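Chain by chain, the residues run as shown.
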Amino acid sequence: MTAFIVFLSLIILGALLALLRILLGPTLSDRVAALDIMNVIITGVIVLFALIEENALFLDIALVYAALSFLETVVVARYLEGKK
Amino acid sequence: MSVISFIIGIVLVVSAIIAIEAKKLITSVVMLSLASLLAVVSFVLLKAPDVAITEASVGAGLTTAIFLLTLKRLGRRESE
């Protein structure tokens, strides 16, 4: 149980720093990079939650979300490429 | 777990308000994506995996992609 508390506190620290950069970020590139970091962290949170609950159905969510967040980042990158 | 749900709910509401009130449209799209991401976590914490799968596929993938392709097609008419 101590391991879970250490994992959760580290994940919450990383998520809060990424969230601060998303909310404050001056340019769009900062926001998009922080959003990508946040996607990876959230995927890890869902996998950890599947481990805590011992329910394999949550792993499907992590799989679908990881694939689609990659698609989202690629689309934003294409938009930024066409801008300048 | 309830403290984490509380924090996630507050950040979800704040990001939704920023998505409505932002000056640039692209910032609105990014904030909408953040709100969708936090909604997925909220559904997972509420133990509703099927709703979370649907929200992840529609909210994170489809909506952001369609909005960004529309913004790219609109092009110069968006004020900087």
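Keep in mind it's a predicted model, so treat the numbers as computed, not measured.

What exactly am I supposed to notice about the overall build of chain B here?
Counting its regular elements, chain B contains 3 helices and 0 strands. Each helix and strand of chain B, placed in order from N terminus to C terminus, yields the pattern α-α-α. Taken along its principal axes, the extent of the C-alpha atoms in chain B is 45 × 25 × 10 Å. The buried share of chain B, reckoned over its 80 residues, is 41%. Contacts spanning at least 24 positions in sequence make up 55% of the contacts within chain B whose residues lie at least 6 apart. For chain B, the accessible surface area stands at approximately 4,600 Å², while carbon and sulfur atoms represent 70% of it. For chain B, the separation between the mean place of its 7 positive charges and that of its 5 negative charges on side chains is 9 Å.

Any chance you could explain a nonpolar patch on the surface here in plain terms?
Together, Leu 20, Leu 23 and Leu 24 of chain A together with Phe 6, Ile 10 and Val 14 of chain B make up a nonpolar patch on the protein surface, roughly 570 Å² of accessible area in all. You can see Val 14 of chain B is positioned in helix H1 (residues 2-21).

Which parts of the structure should I look at to understand the side chain of Thr 27 of chain B?
Residue placement: Thr 27 of chain B occurs in helix H2 (residues 25-45). Apart from the residues within four sequence positions on either side, Thr 27 of chain B is in contact with Arg 31 of chain A together with Ala 22 of chain B.

How do you make sense of the interface of chain A and chain B when you look at a structure like this?
Interface size is often expressed as the accessible area that is lost when the parts come together. Each partner contributes to the interface: chain A provides 28 residues, whereas chain B provides 31 residues. Here chain A and chain B share an interface that buries about 2,900 Å² over both sides, 83% of which is from carbon and sulfur atoms. Taken together, the connections running from chain A to chain B amount to 1 salt bridge. One salt bridge connects Lys 47 of chain B with Glu 53 of chain A, and the closest N-O pair in it is separated by 3.8 Å. Those elements that provide at least two residues to the side of chain A that touches chain B are helix H1 (2-24), helix H2 (28-53) and helix H3 (57-83) of chain A. For the side of chain A that touches chain B, the element with the most residues is H3 of chain A, which contributes 14 residues. Here the side of chain A that touches chain B is built from residues that sort into 21 nonpolar, 1 polar and 6 charged.

Help me understand the nonpolar core, please; the structure alone is not making it clear to me.
For soluble globular proteins, nonpolar side chains are generally found buried alongside one another. Of all hydrophobic cores here, the largest spans 41 residues; its most connected members are Met 38 and Ile 46 of chain A together with Leu 34 and Leu 68 of chain B. Counting only elements with at least two residues in this core, the list comes to H1, H2 and H3 of chain A together with H1, H2 and helix H3 (49-74) of chain B. In terms of residue count, the dominant contributor to this core is H2 of chain B (11 residues). What Leu 34 of chain B contacts, discounting residues up to four positions off in sequence, is Leu 19, Ile 22, Leu 35 and Met 38 of chain A together with Ser 15 of chain B.

The rules we used
- Numbers given for residues are sequential positions, taken from 1 along each chain in its written order.
- Chain letters start at A and ligand numbers start at 1, both assigned in the order the entries are written.
- Per-residue local features are limited, in this predicted model, to residues with pLDDT of at least 70; the limit for side-chain atom pairs, both in listing and counting, is 80 or more; totals at the level of whole chains, interfaces and linings are taken over all residues.
- The side-chain figures draw on all heavy atoms in the structure; neither hydrogens nor water molecules are used.
- Helix numbers and strand numbers start at the N terminus; a helix is a DSSP run of H or I with at least 4 residues, a strand a run of E with at least 2.
- Classification of residues uses two cut-offs on accessible area relative to the type maximum, computed with a 1.4 Å probe and protein chains only: under 20% is buried, over 50% is exposed, and between them is partly exposed.
- The contact definition used throughout considers only heavy atoms, calling two residues in contact when any of these lie within 4.5 Å.
- Using a 1.4 Å probe, the Shrake-Rupley method yields the accessible areas, and only the shown protein chains count as cover for residues.
- Charge counting treats Lys and Arg as positive and Asp and Glu as negative, with His and both chain ends excluded.
- By convention, the point assigned to a charge is CZ for Arg, NZ for Lys, CD for Glu and CG for Asp.
- Residues qualify for a patch when their relative accessible area is over 30% and they have no salt bridge, like charges being joined within 9 Å and the nonpolar side chains of Val, Leu, Ile, Met, Phe, Trp and Tyr within 5 Å.
- In what follows, salt bridge is the name for a side-chain nitrogen of Lys or Arg lying within 4 Å of a carboxyl oxygen of Asp or Glu.
- A simple way to read buried area is as the amount of 1.4 Å-probe accessible surface that goes missing from two parts once joined, with both sides added.
- Each residue gets one of three labels, nonpolar for Ala, Val, Leu, Ile, Met, Phe, Trp, Tyr, Cys and Pro, charged for Asp, Glu, Lys and Arg, and polar for the others, Gly among them.
- Here, nonpolar core means buried Ala, Val, Leu, Ile, Met, Phe, Trp, Tyr and Cys residues that are tied together by side-chain atoms lying within 4.5 Å of each other.

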